[in-house]
Amino acid sequence: MQYCKKCNAYYYKKESTCTVCGRPLVEKSFESHVITQGYPIIPATKDNAKFVSKVFGIFSIGIAIISALINFATYSDNPILWSLVIIGPIAYAWILLAQVIISKHNYPTKVNRQVLIFSLIIILVDVLTEYKAWSLTYVIPALLVTTTVILPIVVASKPSTYYLHVRSLFFIILLDFTLATIGFTTPFMEDGVTWTSMAVATSGILLLITMFTFARKDTWIELIKIFRI
């Protein structure tokens, strides 16, 4: 009988190569009453993502606990909950890891959700640490501008599925315009700092122009569906 040394497979018919691995067969008498066509052993691969997440988990939990303990021990001398500035981003990083990186489906919607959650966390931290408007003036605008620039690039990497993500792109544009309106019409941002609001509004306008320039048909169709025009 024909035999494959790699796959440990016997062949009834006169084959010259193994149908599994493609290696040349040799003549050999079978050593078992049961003749099976085996498959090559595939070595198990290590799940590096789980290992990294465990290391990050231990590291982040340690930092959060240490920060909270130091803040608690020094609170009488410095009555500010500064540890929230550290714990907040760590919590957001875990939310992002769980819903965006690990779960890769419908990522634009998940990214928008994370932006919204992170923005609320940042505002809460600002409020609990004697509100000084740094959250709405600097951090959230930077977050929105970055998302407005990066998210369309990721979506554009797969043009065939663009129509699935038009709503998510419109949502980020709506967040841009909302924050810009808050910056120009309310006193919740630092006095005299308008360039961050202008940057957010400009990024939203540029994204809207880009959508109608490079994918006008799909954009119009989804716009009609959203507003039921």
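Here, every reference points to the structure presented above.
Residues numbered from 1 in each chain as written. Predicted model: local features only at pLDDT ≥ 70, side-chain atom pairs only at ≥ 80, totals over all residues. Heavy atoms only, no water.

### Details of a nonpolar patch on the surface
Next up, step 1: Together, Tyr-75, Leu-81, Leu-124, Val-127, Leu-128, Tyr-131 and Phe-188 give the surface a local cluster of nonpolar side chains, amounting to about 630 Å² of exposed area.
Next up, step 2: For Tyr-75, the location among the structural elements is in the loop between α1 (48-73) and α2 (83-101). (Patch = residues over 30% accessible without salt bridge, like charges linked within 9 Å, V, L, I, M, F, W, Y side chains within 5 Å. Areas by Shrake-Rupley, 256 points an atom, 1.4 Å probe, with all protein chains shown as cover. Salt bridge = Lys/Arg side-chain N within 4 Å of Asp/Glu carboxyl O. Helix = DSSP H or I, 4+ residues; strand = E, 2+ residues; numbered from the N terminus.)

### Description of helix α5 (residues 166-185)
Next up, step 1: Look at α5: 28 Å from first C-alpha to last across 20 residues, which is about the 28 Å you get at 1.5 Å a residue.
Next up, step 2: Of the positions making up α5, those classed as buried are Val-166, Ser-168, Leu-169, Phe-170, Ile-172, Ile-173, Leu-175, Asp-176, Leu-179, Ala-180 and Gly-183.
Next up, step 3: In this fold, the buried residues of α5 make contact with α3 (107-128), α4 (134-156), α6 (195-214) and α7 (216-227). (Expected span 1.5 Å × (residues − 1). Buried < 20%, exposed > 50% of the residue type's maximum accessible area, 1.4 Å probe, protein only. Contact = heavy atoms within 4.5 Å.)

### Thoughts on the packing of aromatic side chains
Here a ring pair, both rings aromatic, is described through the centre-centre distance and the interplanar angle of the planes.
Next up, step 1: Considering all chains together, one arrives at two aromatic pairs under this definition.
Next up, step 2: On the basis of an interplanar angle of 50 degrees and a centroid distance of 6.5 Å, the ring pair of Tyr-138 and Trp-195 is categorised as tilted. Here Tyr-138, found in helix α4, pairs with Trp-195, found in helix α6; they are 57 residues apart in sequence, far enough to count as distant.
Next up, step 3: Judged by relative accessible area, which is 57%, Trp-195 ranks as exposed. (Phe/Tyr/Trp six-rings, centres within 6.5 Å; stacked < 30°, edge-to-face > 60°.)

### Considerations on the packing of α3 against α4
Next up, step 1: Put simply, α3 and α4 touch, their axes get as near as 10 Å, and they point 170 degrees apart. Comparing the axis directions of α3 and α4 gives the class roughly antiparallel. Across from Tyr-107, Pro-108, Val-111, Asn-112, Val-115, Phe-118, Ser-119, Ile-122, Ile-123, Val-125 and Asp-126 in α3, the residues of α4 making contact are Trp-134, Ser-135, Leu-136, Val-139, Ile-140, Leu-143, Leu-144, Thr-147, Leu-151, Val-154 and Val-155.
Next up, step 2: Partitioning the contact of α3 with α4 into residue classes produces 17 nonpolar, four polar and one charged. (Axes fitted to C-alpha atoms, helices over the stretch in contact; angles between N-to-C directions. Parallel < 35°, antiparallel > 145°, perpendicular 65-115°, else oblique. Nonpolar A, V, L, I, M, F, W, Y, C, P; charged D, E, K, R; others polar.)

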